[in-house]
Amino acid sequence: MIALVTGTLVTRELDRVEIMTAGGVGYECLIPLSVFEGLPATGQQVTLHTHLSVREDAWHLYGFAHPL
């Protein structure tokens, strides 16, 4: 399970972000609008608490500002 993602904010959109970790792995996280409003500028460090949703047809990683 992926509990946290910390790294450099590469892309920020209203419903998703891309975060590049220090190890060179990029994660796409789906986010609610409340998280988008609190994000730092692109290129800054960010940490998101995550929830991995696994379904038959897709895996989605959701990012939140605070633990669920």
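I will try to describe carefully the structure that is included in this document. Note that the coordinates shown come from a computational prediction; the quantities given were computed from them, not determined experimentally. (Residues numbered from 1 in each chain as written. Predicted model: local features only at pLDDT ≥ 70, side-chain atom pairs only at ≥ 80, totals over all residues. Heavy atoms only, no water.)

1. Considerations on the overall build of the chain
Turning to step 1, where the next piece is worked out: A tally of regular secondary structure across the chain gives 1 helix and 5 strands.
Turning to step 2, where the next piece is worked out: Scanning the chain from its N terminus toward the C terminus, one meets helices and strands in the order β-β-β-α-β-β.
Turning to step 3, where the next piece is worked out: Buried residues in the chain amount to 26% of all 68 residues.
Turning to step 4, where the next piece is worked out: Sequence separation of 24 or more characterises 43% of the internal contacts of the chain that already satisfy a separation of 6 or more.
Turning to step 5, where the next piece is worked out: Per element, the accessible surface of the chain, about 4,500 Å² overall, is 56% carbon and sulfur. (Helix = DSSP H or I, 4+ residues; strand = E, 2+ residues; numbered from the N terminus. Buried < 20%, exposed > 50% of the residue type's maximum accessible area, 1.4 Å probe, protein only. Contact = heavy atoms within 4.5 Å. Areas by Shrake-Rupley, 256 points an atom, 1.4 Å probe, with all protein chains shown as cover.)

2. A few points about the pattern of salt bridges
Opposite charge on two side chains allows them to pair when their charged atoms are near.
Turning to step 1, where the next piece is worked out: Taken as a whole and assessed by the stated rule, the structure comprises 2 salt bridges.
Turning to step 2, where the next piece is worked out: Arginine 16 serves as the salt-bridge partner of glutamate 28, at 3.0 Å between the closest nitrogen and oxygen. With glutamate 28 in strand E3 (residues 26-30) and arginine 16 in strand E2 (residues 16-20), the pair connects residues that are 12 residues apart, well separated along the chain.
Turning to step 3, where the next piece is worked out: Classification of glutamate 28 by relative accessible area gives partly exposed; the value is 42%. (Salt bridge = Lys/Arg side-chain N within 4 Å of Asp/Glu carboxyl O.)

3. Concerning the packing of aromatic side chains
Turning to step 1, where the next piece is worked out: All chains considered together, the criterion is met by 0 aromatic pairs.
Turning to step 2, where the next piece is worked out: Its end group placed over the ring of phenylalanine 36, arginine 12 keeps NZ or CZ at 4.7 Å from the ring centre. (Phe/Tyr/Trp six-rings, centres within 6.5 Å; stacked < 30°, edge-to-face > 60°. Lys NZ or Arg CZ within 6 Å of the ring centre and 35° of its normal.)

4. Considering the nonpolar core
Turning to step 1, where the next piece is worked out: Formed by Val5, Leu9, Val17, Ile19, Cys29, Ile31, Val35, Phe36, Leu39, Val46, Leu48 and Leu61, the largest nonpolar core amounts to 12 residues.
Turning to step 2, where the next piece is worked out: Looking at this core, the elements with two or more residues in it are strand E1 (4-12), E2, helix H1 (33-37) and strand E4 (45-54).
Turning to step 3, where the next piece is worked out: Not counting residues within four places of it along the chain, the set of residues in contact with isoleucine 31 comprises Glu13, Leu14, Asp15, Arg16, Val17, Phe36, Leu39, Leu48 and Gly63. (Core = buried A, V, L, I, M, F, W, Y, C linked by side-chain atoms within 4.5 Å.)

5. As for the environment of valine 35
Turning to step 1, where the next piece is worked out: On the secondary structure map, valine 35 appears in helix H1.
Turning to step 2, where the next piece is worked out: Sequence separation between valine 35 and arginine 16 is 19 residues; the distance between their C-alpha atoms is 9.6 Å.
Turning to step 3, where the next piece is worked out: Setting aside residues up to four positions removed in sequence, valine 35 forms contacts with Leu48, Gly63, Phe64 and Ala65.

6. Examining the pairing of E2
Turning to step 1, where the next piece is worked out: The side-chain alternation of E2 yields one buried face, formed by Val17 and Ile19, and one unburied face, formed by Arg16, Glu18 and Met20.
Turning to step 2, where the next piece is worked out: Bridging between E1 and E2 involves 4 bridges; their strand directions are antiparallel. For leucine 9, the partnering residue across the bridge sits in E2 and is isoleucine 19.
Turning to step 3, where the next piece is worked out: The antiparallel pairing of E1 with E2 creates a hairpin that spans 3 residues between the two strands.
Turning to step 4, where the next piece is worked out: Remark: 5 residues form the turn of the hairpin made by E2 and E3, two consecutive strands paired antiparallel; glycine 24 in that turn has positive phi of roughly 90°. (Pairing = 2+ DSSP bridges.)

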